[in-house]
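Spelled out from the first residue to the last, the chains are:
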Amino acid sequence: MTEFILEDQICNVKNARTRDYLREIVSTYQHGDYRSCIVTLYVVTVYDLLERIRILDVMYGNSEAHRFMEDFKRKTAPGVDAKYSDLEKEIIQEATNLQILTDIGKRKVEELRTLRHDCAHPSIDAAGIGAAELYMPNRDEVRAKIRTMFELLFLKDPSVMKTVLNGFDADLLQVYQAFGEEKLPDYLLKTYYKRMTADEKKRLLYSPLWYKTFLEDKPESDGNRRAYYIAMRTLIRSDKDVLVQYMCENPDKFSGDTLKKRLLKDIADEPDAKKLGRSHSRLVYISGLAFHFPDIVKGWTDDIRTVVENWNNLRLARKWRAYCFYQSLEEHAAALKAYAEGVKKPEVWEAVGPVRQMYEFAAERGAASLYHPVVKAIFFSDQFATPYLLNGVYYAVLAPAIPYMDEENLLDLVNRCKAHPVIPACPFYEDAFLPGIRELAEEKHYSGVLAALTEKKDADSDSYKETLASEISADANETKFQTVSAEKDGNRKSDAAEADELN
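Heads up: these notes are all about the structure in this document. (Residues numbered from 1 in each chain as written. Predicted model: local features only at pLDDT ≥ 70, side-chain atom pairs only at ≥ 80, totals over all residues. Heavy atoms only, no water.)

With that settled, consider the nonpolar core. By size, the foremost hydrophobic cluster in this structure holds 57 residues, and its most contacted members are W320, F379, Y394, F428 and F433. Listed by contribution, the elements that provide at least two residues to this core are α18 (316-321), α19 (329-340), α21 (352-364), α22 (372-379), α23 (387-401), α24 (407-419), α25 (427-444) and α26 (447-454). A total of ten residues in this core trace back to one element, the largest contributor, which is α23. Beyond its immediate chain neighbours, meaning those up to four positions away, F433 contacts Y394, I402, L413, V414, C417 and F428. Counting residues in each nonpolar core, the second largest holds 49 residues, with M196, V284, I296 and F325 among its members. (Core = buried A, V, L, I, M, F, W, Y, C linked by side-chain atoms within 4.5 Å. Buried < 20%, exposed > 50% of the residue type's maximum accessible area, 1.4 Å probe, protein only. Helix = DSSP H or I, 4+ residues; strand = E, 2+ residues; numbered from the N terminus. Contact = heavy atoms within 4.5 Å.)

Looking now at the environment of G436. Residue placement: G436 occurs in helix α25. In this structure G436 comes out as partly exposed when scored by relative accessible area, which is 32%. In this structure, the C-alpha to C-alpha distance between G436 and P403, residues 33 residues apart in sequence, is 8.9 Å.

Per the counting criterion, the structure on display carries 28 aromatic pairs. Note on W210 and F214: the rings are 4.4 Å apart at their centroids and 55 degrees apart in plane angle, and the pair reads as tilted. Of this pair, W210 and F214 both sit in helix α11 (residues 198-215), four residues apart, which is roughly one turn of the helix. F214 carries the same exposure label as W210, and that label is buried. Taking 6.4 Å as the distance between ring centres and 90 degrees as the angle between the ring planes, the aromatic pair formed by F428 and F433 counts as edge-to-face. Exposure remark for F428: the relative accessible area of 0% places this residue in the buried category. Among the aromatic residues, those joined into a ring-pair cluster are F379, F380, Y394, Y395, F428, Y429 and F433. Seen from the ring of Y206, K253 lies directly overhead, with NZ or CZ sitting 5.5 Å from the centre. Positioned over the ring face of W311 is R318, at 3.7 Å from the centre of the ring. (Phe/Tyr/Trp six-rings, centres within 6.5 Å; stacked < 30°, edge-to-face > 60°. Lys NZ or Arg CZ within 6 Å of the ring centre and 35° of its normal.)

As a further point, take the packing of α11 against helix α16 (residues 282-292). Axis separation between α11 and α16 bottoms out at 9 Å; the angle between their running directions is 135 degrees. One way to sum up the angle between α11 and α16 is to call them oblique. Only R282, Y285, I286 and L289 of α16 make contact with α11, whose side of the interface consists of W210, T213 and F214. Partitioning the contact of α11 with α16 into residue classes produces five nonpolar, one polar and one charged. (Axes fitted to C-alpha atoms, helices over the stretch in contact; angles between N-to-C directions. Parallel < 35°, antiparallel > 145°, perpendicular 65-115°, else oblique. Nonpolar A, V, L, I, M, F, W, Y, C, P; charged D, E, K, R; others polar.)

Our focus in this paragraph is α24. Counting along an α-helix, one turn takes 3.6 residues, and residues three or four places apart therefore face a common direction. End to end, α24 covers 18 Å across 13 residues, agreeing with the expected 18 Å (1.5 Å per residue, within 8%). Along α24, the residues classified as buried are N409, L410, L413, V414, C417 and K418. Projected down its long axis, α24 shows its buried positions confined to an angular sector of 165 degrees, all on one face. Residues of α24 that are exposed and point over 90 degrees away from its buried face: E408 and A419. Looking at the packing, one finds that the buried side of α24 touches α22, α23, α25 and α26. (Expected span 1.5 Å × (residues − 1). Arc of directions from axis to C-beta.)

This is how it looks when you write it as structure tokens:
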């Protein structure tokens, strides 16, 4: 056996009360009281098993555990003549039923019980009492039993996660349907993930989460995919380095032909899915994982990478977040700028969420300035040179980027807008652009920007506004209202609903 230091291992025991009892066991062992040590070890083992059953009942609402605990309370109530040896057997059997103990573990506990009986109830007949000696286990035997119980039980999380996870699927979907995705991550963290070992997380990551999100192909899969994706993303965040490495080291599980077939099927079905209002595409979610955990792409096969990369290159909103397919953020920004020069109008309205998220991501790495030329290229494009279109492009692309701009970029933006033939008459200009720029400049003490804002602009004359007023339709004002409202609550959806689903 490798070195096993009892005093050190006690510190790793999860249950605080069990930890205190184990110090008594170690004390009797160190003093050579081996019979007492075995008796106490067995008692603490049975106590710990009962505590795990109680946790299943109280903390997780396990019906089988609840039934057992109610029956146990009746049998141990005052005045009830219970045979404790029978109760101990019932506890061991119930722990096995609930998968707290494996069949091998049960046998180990029963072997400890036999040794405990030898130590506490030696068989002595009257004729031989004078010559009989009480059974005394040796030091190595006792130490081996202590270590076995530590590894079998005491060092494992008392949340008995293996049993709990039997109901994980149903619980996940029930919470998602009742409370939505905002409360789901916190619930999963507190109830499951913070109590799980790395190995338990790995098992859960593939089944059911990865399987249900990407590989299952049943009629009900679409409706549940979002819940499983959120659960998987939350799980990976709880132990990112370990789980991302696990995904990369197991391409047979997290990449391969089955995944490729499912992704290609979604591409083939995409036009019909949009018509039907369904947006729970596997491609949306696998792209979302790649955005949040870019290192997982290293574990993909070339086929999977090609499918996902090509799909992301088809729309501006997708391409905004697909930095993981480029050698650097500089290369990604350059590709975006080239794409923006010929971007289609409908694509721009989808971009608000991805633009905001990519700017936040880039700002954390000191690279937000790389993306300023991209948003400016879109905003000042000749194809958006009407008040109606400029109003929409401002809220969809430019507004999320402005908080990340320094004084030089803001001053350039203000001057270009002032000199533009249409922008000063657009609804957003007076209502959002100028107040927002002024507030930001005052907060960051950008004196040059403040000075530029106070300068008189020819384009601000009433006659100029009146000339362009006829170009601003009621539809434009409605677009402005809808976009501003959506910007405030952060829930603007694109026609394909991809912007939010990528989160």
